[in-house]
Structures are given as C-alpha cells and as structure tokens.
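Tertiary structure, described
Take a look at the letters that make up each chain.
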Amino acid sequence: MAGTNSRPYFQLAIGYMEDVASGKRPANKFERLAVDRQIADLQAENFSYTFSVEKAERACKFIERMPHIKGKWGGKKLQLEPWQIFIITTIFGWIDAQGRRRFKTVYLEIPRKNAKSTLTSAVGLYLCFADGEPGAEVYSAATTRDQADRKSVV
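In short, a report on the structure.

**With respect to unusual backbone geometry**
- Notably, Asn 46 is not glycine yet its phi reads approximately 55°, a positive angle.
- On the basis of relative accessible area, Asn 46 is assigned to the exposed category, the value being 82%.
- Located in the positive-phi region is Lys 113, a residue other than glycine, with phi close to 65°.
- Lys 113 sits in the exposed class, given a relative accessible area of 61%.

**Concerning helix 4 (residues 82-93)**
- Over its twelve residues, helix 4 extends 15 Å from the first C-alpha to the last, a length consistent with the 16 Å expected when each residue adds 1.5 Å.
- Most of helix 4 is tucked away: eleven of the twelve residues are buried.
- Among the structural elements, helix 1 (9-22), helix 2 (29-43), strand 1 (50-51), helix 3 (53-63), strand 2 (94-95) and helix 5 (116-130) are those in contact with the buried residues of helix 4.

**What about the environment of Leu 42?**
- Assignment of secondary structure puts Leu 42 in helix 2.
- For the pair Leu 42 and Thr 118, spaced 76 residues apart in sequence, the C-alpha separation works out to 28 Å.
- Filtering out sequence-adjacent residues up to four positions away, Leu 42 remains in contact with Phe 10, Ile 14, Met 17, Phe 51 and Trp 94.

**Some thoughts on the nonpolar core**
- Counting 33 residues, the largest nonpolar core has Tyr 16, Ile 63, Ile 88 and Phe 92 as the members making the most contacts within it.
- Of all the elements in the fold, those that place two or more residues in this core are helix 1, helix 3, helix 4 and helix 5.
- Excluding anything up to four places from it in sequence, Ile 63 contacts Leu 78, Leu 80, Ile 88, Ala 122 and Val 123.

Reading the values: the criteria
- Residues numbered from 1 in each chain as written.
- Predicted model: local features only at pLDDT ≥ 70, side-chain atom pairs only at ≥ 80, totals over all residues.
- Heavy atoms only, no water.
- Buried < 20%, exposed > 50% of the residue type's maximum accessible area, 1.4 Å probe, protein only.
- Helix = DSSP H or I, 4+ residues; strand = E, 2+ residues; numbered from the N terminus.
- Expected span 1.5 Å × (residues − 1).
- Contact = heavy atoms within 4.5 Å.
- Core = buried A, V, L, I, M, F, W, Y, C linked by side-chain atoms within 4.5 Å.

If you want it as structure tokens, here you go:
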C-alpha cells in the first residue's frame, strides 16, 4: 500500500539483491557488481562501516511520504520499487563510528521514463530538510538548457 510507511524496506532490498545474485532478476554488469559489493559488505567482519537498518529505512519512509505532483498519479504518494529501495538503503544505511554516511557521492544511470527526476527530487528534499545536517545544501544540474527547462519535462 503506497504511503503507509510500514513496508519492510531492508527486507525488500535483501529480496532484490537475492533475485539479482541468483539470476532470477535480469541485471547488467554494474548492477550485479553493486549487489555483490553490498552482499559482501553486509557479511564482512571488522568493516570500518556498520549498516544501520534504521537510517536506511528512515530515508525510504520519508520518500514514500512525498506525493506525485502532476499527471495521472498526481496527489498519490510515491511507492518505491525494490531496485529503488536497494539504492536508497545502500546510500543511507552505511555509517562510520561517528554516524557519518559512507557514500557522499552517488552516480546513477537510469533509463528514460523510470522516475529519475521524481526519485532525485525526493532524495534532495530528504537531504535538505530531514537528514539532520545543519546548513545542508542540495544542488541539481542539467547538461543542457533544454534539459533544465521545466516546461520540457514530460
């Protein structure tokens, strides 16, 4: 159910990783490498980072509180797909002994019409207003003027 915020996000991420690792879910080379790294890191002993299910799930819960703002889904809450949950939990779950995130820069390549703008907007809002960083700044950029023009977004 979208927007109930009671979904088991970490378990959904684990299920996604198991499906990719087993070949049940088709994945490209880089997707498999990311999944393999995450599985290895979760099983590692004496790793300099720990995985906080609470921090990972907090980001997912926040994102699923965001509404779609236009189109046929306008007004309905976002609902993350398992591959998106894997990304979000990986980014926000890993912390060091001081509570700082492991991943400070993230590069994603997502095909057209897969809600890149929606996902990155929600992450930007989380980082700016709900992550707890004083004076947080979030930037969004485009490579062309047409790409940056909101009227050209369909």
